[in-house]
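# Structural overview
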Amino acid sequence: MNLRKNILSALLIAIGYILHQIVPGTIGSMKFDIMLSVIFVSLYINKDFKNAMVTALLGGIITAMTTTFPGGQIPNLIDKLVTCGIVFLMIKATERFPKQEIVRGAISFLGTVVSGTVFLTSALYISGLPAPFSVLFFGIVLPTSVTNIFLTAMIYQAVKLAMKVTGAKYVQQ
């Protein structure tokens, strides 16, 4: 079962790579980080800290390879490692809450805000920002956070349906 979870995480990261590759850079060449949605779903499926860090590293490497943000390679790695650690802790802290679909949406929103904030802050100190922090935060990070609520829900439901069809029983309702 663990191998299935790892393969599914790898497939999700591959899907995230494709999605991240086709999203164009917008304000200051910063992209909407769609990869975060598949990372969050991967963390929900495989609730192991080692998997969270491997997923963070792979997601960070892939987003670093496909970034259009000037000097965004290292900030992508930093932000994925920090975000996955925090989101993993949020998932663990809320797994007994009722209405998990609402919790997943809230975690997706907060995780994307954390990711964007860490990315912009680290980019500011490492390579500088091509536009003011507030413009990038309000123009990219917040809209991406709202978008990722719905993308995470859609991807999670698709994965849940796929697991139901294949008979796997490890996706939380």
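First, a word on scope: everything that follows refers to the structure included in this document. Since the structure is predicted, the reported quantities are computational estimates derived from the model, not experimental observations.

Conventions and cut-offs
- Residues numbered from 1 in each chain as written.
- Predicted model: local features only at pLDDT ≥ 70, side-chain atom pairs only at ≥ 80, totals over all residues.
- Heavy atoms only, no water.
- Core = buried A, V, L, I, M, F, W, Y, C linked by side-chain atoms within 4.5 Å.
- Buried < 20%, exposed > 50% of the residue type's maximum accessible area, 1.4 Å probe, protein only.
- Helix = DSSP H or I, 4+ residues; strand = E, 2+ residues; numbered from the N terminus.
- Contact = heavy atoms within 4.5 Å.
- Phe/Tyr/Trp six-rings, centres within 6.5 Å; stacked < 30°, edge-to-face > 60°.
- Lys NZ or Arg CZ within 6 Å of the ring centre and 35° of its normal.
- Axes fitted to C-alpha atoms, helices over the stretch in contact; angles between N-to-C directions.
- Parallel < 35°, antiparallel > 145°, perpendicular 65-115°, else oblique.
- Left-handed = near helix turned anticlockwise from the far one by under 90°.
- Nonpolar A, V, L, I, M, F, W, Y, C, P; charged D, E, K, R; others polar.

Quick look at the nonpolar core now. Core analysis: the largest hydrophobic core is formed by 26 residues, its most contacted members being Leu12, Ile39, Val41, Leu43, Val87, Ile107 and Val159. Here the element with the most residues in this core is helix 2 (residues 35-45); it accounts for nine residues. Among residues more than four places away in sequence, those in contact with Val41 are Leu12, Thr152, Ile155, Tyr156 and Val159. Grouped together as the second largest cluster of nonpolar side chains are twelve residues, Phe69, Phe119, Leu136 and Val141 included.

Enumeration over the complete set of coordinates arrives at five aromatic pairs. Centroid distance Tyr44 to Tyr156: 6.1 Å. Interplanar angle 70 degrees. Geometry classified as edge-to-face. Taken as a pair, Tyr44 in helix 2 and Tyr156 in helix 6 (residues 133-166) lie far apart in primary sequence, 112 residues in all. Across the pair, Tyr156 and Tyr44 agree in class, each one buried. Ring geometry for Phe137 versus Phe138: centroids 5.4 Å apart, planes at 90 degrees, classification edge-to-face. For Phe138, a relative accessible area of 57% gives the class exposed. An aromatic cluster is defined as three or more aromatic residues linked by ring pairs; in this entry it consists of Phe133, Phe137 and Phe138. The ring of Tyr44 carries the charged tip of Arg104 above its face, separated from the ring centre by 5.7 Å. Between Arg104 and the ring centre of Tyr156, over which it is positioned, the NZ or CZ distance is 3.9 Å.

Turning to helix 2, a few remarks are in order. Residues spaced three or four apart along an α-helix point in a common direction, a consequence of the helix completing one turn every 3.6 residues. Buried residues dominate helix 2, accounting for eleven of its eleven residues. Among the residues of helix 2, Met35, Leu36, Ser37, Val38, Ile39, Phe40, Val41, Ser42, Leu43, Tyr44 and Ile45 are the ones counted as buried. Each element contacted by the buried residues of helix 2 is listed here: helix 1 (2-22), helix 3 (49-66), helix 4 (73-94), helix 5 (100-126) and helix 6.

Our next topic: the environment of Ile15. Residue position: Ile15 is located in helix 1. Distance in space between the C-alpha atoms of Ile15 and Met35 is 8.3 Å, their sequence separation being 20 residues.

This paragraph deals with the packing of helix 2 against helix 5. Relative orientation of the contacting elements helix 2 and helix 5 amounts to 130 degrees, with a least axis distance of 10 Å. Put simply, helix 2 runs oblique to helix 5. Crossing of helix 2 over helix 5 shows right-handed handedness. Here Leu36, Phe40 and Tyr44 of helix 2 lie close against helix 5, whose contacting residues are Gln100, Val103, Arg104, Ile107, Ser108, Gly111, Thr112 and Ser115. Residues of the contact of helix 2 with helix 5, tallied by class, amount to five nonpolar, five polar and one charged.

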